[in-house]
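In case you want the letters, here they are:
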Amino acid sequence: MPDELGTRDVVEQLDTRLGNLEQGQRDLRQEMVTRFARVESRFDQLRSEMESRFAQVESRFDQLRSEMESRFAQIDSRFANVYVLLVATLVGVVSVAVGVAGLWFKV
């Protein structure tokens, strides 16, 4: 009966197979840890790159905002000047009208 396996042989084969499975699981776990670390590193790089780009965009918006505020201040100044000119013109026209009316009614 050399073809038949005894209990000891079956247990040894199971132990060997179980050992192989455990080693395979350890190898797989180590590979997963390595790959997850690599993915985490890539995400960290992406995060820092995105933060840098967003900082650049924010800086550009700040520059645009200050430029627009400067231009609006110039426009406000121009409108103030135009307003002063319009008031001065109105005062001049009213003064001329009053003067002409005064001459007209005195005659």
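Our subject is the structure listed above.
Rules used throughout
Residues numbered from 1 in each chain as written. Predicted model: local features only at pLDDT ≥ 70, side-chain atom pairs only at ≥ 80, totals over all residues. Heavy atoms only, no water. Helix = DSSP H or I, 4+ residues; strand = E, 2+ residues; numbered from the N terminus. Rg over C-alpha atoms; globule rule 2.2 N^0.38 Å. Buried < 20%, exposed > 50% of the residue type's maximum accessible area, 1.4 Å probe, protein only. Areas by Shrake-Rupley, 256 points an atom, 1.4 Å probe, with all protein chains shown as cover. Lys, Arg positive; Asp, Glu negative; His and termini not counted. Charge placed at Lys NZ, Arg CZ, Asp CG, Glu CD. Patch = residues over 30% accessible without salt bridge, like charges linked within 9 Å, V, L, I, M, F, W, Y side chains within 5 Å. Salt bridge = Lys/Arg side-chain N within 4 Å of Asp/Glu carboxyl O.

In terms of regular secondary structure, the protein is built from one helix and zero strands. Whereas a compact globule of 107 residues would reach a radius of gyration of roughly 13 Å, the protein reaches 45 Å, over 25% beyond that. By residue count, 0% of the 107 residues in the protein fall in the buried class. Split by element, the accessible area of the protein, about 10400 Å² in all, is 62% carbon and sulfur. Taking the average place of the 14 positive charges on the side chains of the protein and the average place of its 17 negative ones, the gap between the two points comes to 14 Å.

With that out of the way, let us pick up a negative patch on the surface. On the surface, a cluster of negative charge is made up of Asp9, Glu12, Asp15 and Glu22. Tracing the sequence through the fold places Glu12 in helix 1 (residues 7-106).

A separate point is the pattern of salt bridges. The tally for this structure, following the rule as stated, stands at five salt bridges. Ionic pairing is found between Arg53 and Glu49, a salt bridge with its closest N-O pair at 2.9 Å. On the criterion of helical spacing, the pair formed by Arg53 and Glu49 is a turn pair, its members being four residues apart in helix 1. By relative accessible area, Arg53 is classed as partly exposed at 49%. Between Arg71 and Glu67 there is a salt bridge whose closest N-O contact spans 3.1 Å. Residue Arg71 and its partner Glu67 are both found in helix 1; the two are separated by four residues, about one turn of the helix. Residue classification places Arg71 among the exposed positions, given a relative accessible area of 51%. Among the residues examined, Glu67 registers a relative accessible area of 40% and is labelled partly exposed.

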